[in-house]
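These are the residues of each chain, in order.
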Amino acid sequence: MAQRDYYEVLGVSRDASEDEIKKAYRKLAMQYHPDRNPGDAEAERKFKEAAEAYDVLRDADKRARYDRFGHAGLQGGAGGFGSTDDIFAHFSDIFGDLFGFGGGTGRSGPRPMAGADLRYNLEISFEQAATGAEIPLKLPRHEECPECKGSGAAPGTKPETCRQCNGTGQVRRTQGFFQLAMPCPACHGTGQVIATPCPRCKGDGVVENVREIVVRIPAGVDTGTRLRVRDEGEAGVHGGPPGDLYVVLHVEPSKHYDRQGQDLIYECSISFVQAALGHRVEVPGLNGPLPLEIPKGIQSGTPLRLKGEGMPYPGRSQRGDLLVVVKVLTPTKLSERQEELLREFESLGEESFLEKAKKVGKKIGKKIGLD
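Now for a quick tour of the structure. From a predicted model like this one, the values you see are computed outputs, not experimental measurements.

1. Brief notes about the pattern of salt bridges
Argument step 1. All chains considered together, the criterion is met by 23 salt bridges.
Argument step 2. Put simply, Glu49 and Arg45 hold a salt bridge, and the shortest N to O gap is 3.9 Å. Here Glu49 and its partner Arg45 are both found in helix H3 (residues 41-57), 4 residues apart, which amounts to about one turn of the helix.
Argument step 3. Exposure remark for Glu49: the relative accessible area of 16% places this residue in the buried category.
Argument step 4. Ionic pairing is found between Arg141 and Glu232, a salt bridge with its closest N-O pair at 3.0 Å. Taken together, the residues Arg141 in strand E2 (residues 133-144) and Glu232 in the loop between strand E8 (226-229) and strand E9 (245-251) connect sequence positions 91 residues apart.
Argument step 5. Put simply, Arg4, Glu8, Glu42, Arg45 and Glu49 are held in one network by salt bridges that share partners.

Structure, rendered in structure tokens:
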């Protein structure tokens, strides 16, 4: 079955705000919630479809790719959700708001929750940004305890149903005409208690670990670029999916260039004689020296453009340009002979007084009719 447009699924316009998208999803989540539609396969399908649409449109990066390329712009598709449990874990904030503490599924026991996202600030060299790189990272994070498999209970034992809340994770308090649902103080809202905690994780279900991963840096990135590495964040709680890792890049300045977007600027110094006569130079390129012809009579500050010799655009075949700005150097110390030659050079460029007088005389003669 062809995938429907996500904006159509949620019933919002393409310029809908984040609040409008969230409000539309909350409405559909209530309408097609499995507990309100037991055994209804069509309602379950629409429940998953709405969750998939919301997962894309609430994320600025995913939404931008979807707006531009449609479903094909989402790497590997939108991903979808294998079960309603995945949806409850992924959007625990939404279902907590709708149905109160515990997600409103009507089931006892702790609800799986997605792990927290992590941020890693990574400094790379200009050369690594220009060519791309694969950089190993040592990432401290919490992972599922290998001894108890995340349950928090010692091997050979299991968490027990909380007797105070009967596994619901909440207790009710009556105040006047109102009845309030509150997290159970005995199990802290999980619906379960651990009589014999796991000795390794002390009942938390997660342990601290340092994980080594390799992050691929695409060529052409700049400071502020954010790379998303899926499932490399904190471990999920009670079997929930892990969070994501966001690598934020800082690119060191180049020793040769100034950078403007994907264009590079290089300053080339020449003498005033080379500027007057023209000159051939080599300028440093990203892939080696580049020959450049400087035309005769060039003025200081004139930019010369080498197309396609700048930074690559990430994920594309195009590149920016290399702008060579010519700087004409004026000597500060001259010998007597050099000064003499410069004055002679200057005089050769001026007309003598006699030549100027002859031209003036001819003009006057034409006016009085002598010529």
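2. Looking at a nonpolar patch on the surface
Argument step 1. Residues Phe272, Val273, Leu277, Leu334 and Leu342 make up a contiguous nonpolar surface patch of about 400 Å² in total accessible area.
Argument step 2. Top contributing element to the nonpolar patch by residue count: helix H8 (residues 272-277), with 3 residues.
Argument step 3. Looking at the element boundaries, Leu342 is found in helix H9 (residues 336-348).
Argument step 4. A relative accessible area of 31% means that Leu342 is categorised as partly exposed.

3. Considerations on the nonpolar core
Argument step 1. Formed by 38 residues in total, the largest nonpolar core has its most connected members in Ile124, Ile217, Ile270, Val283, Leu322 and Val324.
Argument step 2. Listed in part, the 22 residues of the second largest apolar core include Ile21, Ala43, Tyr54 and Val56.

4. Notes on the packing of aromatic side chains
Argument step 1. The final tally for this structure, using the stated rule, is 5 aromatic pairs.
Argument step 2. Measuring from ring centre to ring centre gives 4.8 Å for Tyr6 and Tyr66, while their planes differ by 35 degrees; the resulting arrangement is tilted. Of this pair, Tyr6 sits in helix H1 (residues 6-10) while Tyr66 sits in helix H4 (residues 60-69), placing them 60 residues apart in sequence.
Argument step 3. Residue classification places Tyr6 among the buried positions, given a relative accessible area of 2%.
Argument step 4. Three or more aromatic residues link up through ring pairs in this structure, and these residues are Tyr6, Tyr7 and Tyr66.
Argument step 5. A cation over an aromatic ring shows up here: Arg316 above the ring of Tyr313, its NZ or CZ 4.6 Å from the ring centre.

5. Concerning the side chain of Gln262
Argument step 1. Residue placement: Gln262 occurs in the loop between strand E10 (258-260) and strand E11 (263-271).
Argument step 2. Side-chain polar atoms of Gln262 contact the backbone oxygen of Pro312, separated by 2.5 Å.
Argument step 3. Not counting residues up to four positions away in its chain, the partners in contact with Gln262 are Gly220, Gly310, Met311, Pro312, Tyr313, Pro314, Gly320 and Asp321.

6. A look at the sheet that holds E11
Argument step 1. If you trace the 4 strands from one edge of the open sheet to the other, you get E10-E11-E15-E14, paired in mixed fashion. Looking at the sheet topology across the chains shown, the edges are occupied by E10 and strand E14 (303-306). Sheet twist, expressed as the mean angle between neighbouring strand axes with direction ignored, is 30 degrees.
Argument step 2. Here 4 bridges tie E14 to strand E15 (residues 322-329), and the two strands are oriented antiparallel to one another. Across the sheet, Pro303 pairs through a bridge with Val325, a residue of E15.

7. A short note on the sheet that holds E9
Two strands in a sheet stick together by hydrogen bonds in their backbones, pointing the same way (parallel) or opposite ways (antiparallel).
Argument step 1. Within the open sheet, the 3 strands sit side by side as E1-E9-E8. Their pairing is mixed. Every other strand in the sheet has two partners, leaving strand E1 (118-124) and E8 as the edge strands with one partner each. Strand after strand, the sheet turns through a mean of 25 degrees between neighbouring axes, direction not considered.
Argument step 2. Strand direction decides the pairing type here: E8 and E9, joined by 4 bridges, are antiparallel. Across the sheet, residue Val229 finds its bridge partner in E9, namely Leu245.

8. Digging into the pairing of strand E12 (residues 279-285)
Argument step 1. Pairing of E12 with strand E13 (residues 288-294), which is carried by 7 bridges, proceeds in the antiparallel orientation. Paired with Gly285 across the strands is Gly288, a residue of E13.
Argument step 2. Hairpin connection between E12 and E13: a loop of 2 residues separates the two successive antiparallel strands.

9. Description of the packing of helix H2 (residues 18-31) against H3
Argument step 1. Running from amino to carboxyl end, H2 crosses H3 at an angle of 165 degrees, the nearest separation of the two axes being 10 Å. By the criterion of interaxial angle, the relationship of H2 to H3 is roughly antiparallel. Considering only the axes of H2 and H3, their crossing is left-handed. Here Ile21, Lys22, Tyr25, Leu28 and Ala29 of H2 lie close against H3, whose contacting residues are Phe47, Ala50, Ala51, Tyr54 and Leu57.

10. Topic: unusual backbone geometry
Argument step 1. Phi is positive for Asn166, close to 60 degrees, though the residue is something other than glycine.
Argument step 2. Of note, Asn166 is situated in the loop between strand E3 (160-161) and strand E4 (170-175).
Argument step 3. On the basis of relative accessibility, which here comes to 59%, the residue Asn166 falls in the exposed class.
Argument step 4. Even without a glycine there, the phi angle at Asp231 is positive, about 65 degrees.
Argument step 5. Assignment of secondary structure puts Asp231 in the loop between E8 and E9.

About the criteria used
Residues numbered from 1 in each chain as written. Predicted model: local features only at pLDDT ≥ 70, side-chain atom pairs only at ≥ 80, totals over all residues. Heavy atoms only, no water. Salt bridge = Lys/Arg side-chain N within 4 Å of Asp/Glu carboxyl O. Helix = DSSP H or I, 4+ residues; strand = E, 2+ residues; numbered from the N terminus. Buried < 20%, exposed > 50% of the residue type's maximum accessible area, 1.4 Å probe, protein only. Patch = residues over 30% accessible without salt bridge, like charges linked within 9 Å, V, L, I, M, F, W, Y side chains within 5 Å. Areas by Shrake-Rupley, 256 points an atom, 1.4 Å probe, with all protein chains shown as cover. Core = buried A, V, L, I, M, F, W, Y, C linked by side-chain atoms within 4.5 Å. Phe/Tyr/Trp six-rings, centres within 6.5 Å; stacked < 30°, edge-to-face > 60°. Lys NZ or Arg CZ within 6 Å of the ring centre and 35° of its normal. Polar contact = N/O pair within 3.5 Å; in protein donor to acceptor, adjacent residues only side chain to side chain. Contact = heavy atoms within 4.5 Å. Pairing = 2+ DSSP bridges. Axes fitted to C-alpha atoms, helices over the stretch in contact; angles between N-to-C directions. Parallel < 35°, antiparallel > 145°, perpendicular 65-115°, else oblique. Left-handed = near helix turned anticlockwise from the far one by under 90°.

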